[in-house]
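# Structure assessment
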Amino acid sequence: MRKSRFTETQIIGMIKEQEAGLTVAEVCRKHGTRDVDALEALVQSLRRLPGVGIKSAQRMAFHLLQHDREGAQLMAQALLQATAQVRHCQQCHTFTEKDLCSTCTDDRRDATKLCVVETPADQSALERTAAFKGLYFVLMGRLSPLDGIGPKDIGLQKLFDRATDGVVQEVILATNFTAEGEATAHVIAQALKAKGLQVTRLARGVPAGSELEYVDLGTIAHALVDRR
């Protein structure tokens, strides 16, 4: 691993200077660091990650360059490989390196049940429960008129075609319980019920192990409505 010419104390000092209001370029010029543009590009790239602000991105960048250049190279190679090889499954839209994902090609799955989720991350969460043995359709988003995201943007027509292929008997709506997720579920449910399909929604209830006095009123209300 290449050793940095700056000590850990100097790196901490640089971070404090950034927190005080100096930009990466200003800190680099102050300390005589070359390749300012490359460092700024790294910081701005890290800021693309969800929940990462300018200060967090700067800390990450300096850590990688100071302590883990080998890790930075491995990360860069992994990102290049993933962006080049990972694509969307032709049937369910989740991430895969083949035309069809391993779930869609699994003959042991129940093809009569189709679970609709917003993202591949949501699908992964459901899979980890090992409670669902059917197939999926990943919308890759949700309806959001204010953001200009309509039915065509999340492939609703393809979902409707898939759900009415004569094999699917139940569509399980597992969109998130946000305003946009609820609106998306409502639109899908209305359209599929009109076609005679059974449409169900994930139940909402009190978390296991929780005490009612600490649960928010909205969750308790939904638990009462969805009681069984």
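Below is a short write-up of the structure. (Residues numbered from 1 in each chain as written. Predicted model: local features only at pLDDT ≥ 70, side-chain atom pairs only at ≥ 80, totals over all residues. Heavy atoms only, no water.)

## Description of a nonpolar patch on the surface
A cluster of nonpolar residues, V86, F95 and M140, forms a patch on the protein surface that exposes about 250 Å² of accessible area. Relative to the helices and strands, F95 is located in strand β2 (residues 95–96). (Patch = residues over 30% accessible without salt bridge, like charges linked within 9 Å, V, L, I, M, F, W, Y side chains within 5 Å. Areas by Shrake-Rupley, 256 points an atom, 1.4 Å probe, with all protein chains shown as cover. Salt bridge = Lys/Arg side-chain N within 4 Å of Asp/Glu carboxyl O. Helix = DSSP H or I, 4+ residues; strand = E, 2+ residues; numbered from the N terminus.)

## Brief notes about the pattern of salt bridges
Opposite charge on two side chains allows them to pair when their charged atoms are near. The final tally for this structure, using the stated rule, is 7 salt bridges. The partner of R87 in a salt bridge is D99, and the shortest N-O contact between them spans 3.2 Å. One end of the pair, R87, is in strand β1 (residues 87–88); the other, D99, is in the loop between β2 and β3 (110–117), and 12 residues separate them in sequence. Accessibility expressed as a relative area gives 41% for R87, which makes it partly exposed. (Buried < 20%, exposed > 50% of the residue type's maximum accessible area, 1.4 Å probe, protein only.)

## Examining the sheet that holds strand β6 (residues 198–201)
What the 4 strands build is an open sheet, ordered β4-β3-β5-β6; its pairing is parallel. With one partner strand each, in any of the chains shown, β4 (134–138) and β6 form the two edges of the open sheet. Ignoring strand direction, the axes of neighbouring strands in this sheet form an average angle of 25°. Of the pairings in the sheet, the one linking β3 to β4 comprises 5 bridges and is parallel in character. (Pairing = 2+ DSSP bridges. Axes fitted to C-alpha atoms, helices over the stretch in contact; angles between N-to-C directions.)

## Here we look at the layout of surface pockets
One number sums up the size of the second largest pocket: a volume of about 300 Å³. Put simply, the parts of the chain that give the lining of the second largest pocket at least two residues each are β3 and α6 (120–129). Ranked by residue count, the leading element in the lining of the second largest pocket is α6, at 4 residues. Split into classes, the residues belonging to the lining of the second largest pocket amount to 11 nonpolar, 3 polar and 1 charged. (1 Å grid on protein atoms, 1.4 Å probe; cavity = no way out; pocket = protein on both sides within 12 Å on 5 of 7 lines; lining within 4 Å. Points joined across faces, edges and corners; volume = space filled by probe spheres on them. Nonpolar A, V, L, I, M, F, W, Y, C, P; charged D, E, K, R; others polar.)

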